[in-house]
Amino acid sequence: MTDTVVLLHGIRRTSASMRKFENYLQTQGYITRNVDYPSSRYPIERLAEIIAEEVEDASESNEEGRLHLAGHSMGGLVIRAMLKNYRPSNLGRVVMIGTPNNGSQVADFLKKVPLYKSAYGPAGQQLVTDQSTFAHIFGPVDFELGIIAGTRTIDPVSSLIIGHRNANDGKVTVESTRLVGAADHIAIVANHTFIPSSKIMWAQALSFLRDGKFHR
């Protein structure tokens, strides 16, 4: 029985950013669906509706296998919003990679900057640490979830905004990736932008997809 993994990129990225990870999963025997979606055009709840159509199609295309989900950065938030309202009957496990589940201080700093608002759109305004106005779009973690955080920062400006005392990947702190109800959480030496290409991340994600836990 062959399982499917649906991959979601982060904001202002494309499916190309997940392609190496996708190729790796294919070598491990998975069917993949690497989705492009208009990440900076709509708020997260609308993106979740768009993604639900892709996930439903992927689920129906492989009803005998399980359907797993893996999201980088905001892709993980889109998954959370989708699973509140739509859940495939053959849902397997979910992996979030550098996802700002509790927001990003970098987004807090930039949210009112016109260039940021224009480039990142409505969803960019939902990457902040104060989630009080949109927390309702997310449901409880009542699915098997593994979270991978990064600890390598290469951007001195972002590091200054976040603060050197907080372990982070240059955009998101390790603490911000955490969610109550997650089955497992691990931090690896990787940068936010480049973590989709990290072979360490690939191996850890595979471990969770297969066994429901990360390898230590």
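In the block above lies the structure referred to throughout.
Residues numbered from 1 in each chain as written. Predicted model: local features only at pLDDT ≥ 70, side-chain atom pairs only at ≥ 80, totals over all residues. Heavy atoms only, no water.

Asks: It is not clear to me how the side chain of Ser17 should be interpreted in this structure. Could you clarify?
Replies: Structurally, the position occupied by Ser17 is in the loop between strand S1 (4-8) and helix H1 (19-27). What makes Ser17 buried here is its relative accessible area of 13%. A distance of 2.8 Å separates the side chain of Ser17 from the backbone oxygen of Thr14, its partner in a polar contact. Every residue in contact with Ser17, bar those within four places of it in the chain, is listed here: His9 and Pro196. (Helix = DSSP H or I, 4+ residues; strand = E, 2+ residues; numbered from the N terminus. Buried < 20%, exposed > 50% of the residue type's maximum accessible area, 1.4 Å probe, protein only. Polar contact = N/O pair within 3.5 Å; in protein donor to acceptor, adjacent residues only side chain to side chain. Contact = heavy atoms within 4.5 Å.)

Asks: Would you take a moment to explain the sheet that holds strand S5 (residues 144-150) for this structure?
Replies: Backbone-to-backbone hydrogen bonds pair the strands of a sheet. The strands run either parallel or antiparallel. In space, the six strands of this open sheet follow the order S2-S1-S3-S4-S5-S6, with parallel pairing throughout. Strand pairing shows two members of the sheet lacking a second neighbour, strand S2 (31-35) and strand S6 (184-188), which therefore form its edges. The sheet shows a mean angle of 15° between the axes of neighbouring strands, direction not considered. Strand direction decides the pairing type here: S1 and S2, joined by five bridges, are parallel. When the bridges of S2 are listed, Leu7 appears paired with Asn34. (Pairing = 2+ DSSP bridges. Axes fitted to C-alpha atoms, helices over the stretch in contact; angles between N-to-C directions.)

Asks: Would you mind going over the pairing of S5 with me for this structure?
Replies: The side chains of a regular strand alternate between the sheet's two faces. In terms of residue burial, S5 counts as a mostly covered element, since six of its seven residues are buried. Relative to S5, strand S4 (residues 91-97) is paired through five bridges, and the arrangement is parallel. Bridging from a neighbouring strand, Ile97 pairs with Ile148 of S5. Judged from the five bridges that link them, S5 and S6 form a sheet pairing that is parallel. Residue pairing in the sheet places Ile148 in a bridge with Ile186 of S6. You can see the chain leave S5, run along helix H6 (residues 156-162) and come back into S6, and the turn it takes is right-handed. (Right-handed = clockwise from strand over helix to strand, strands pointing away.)

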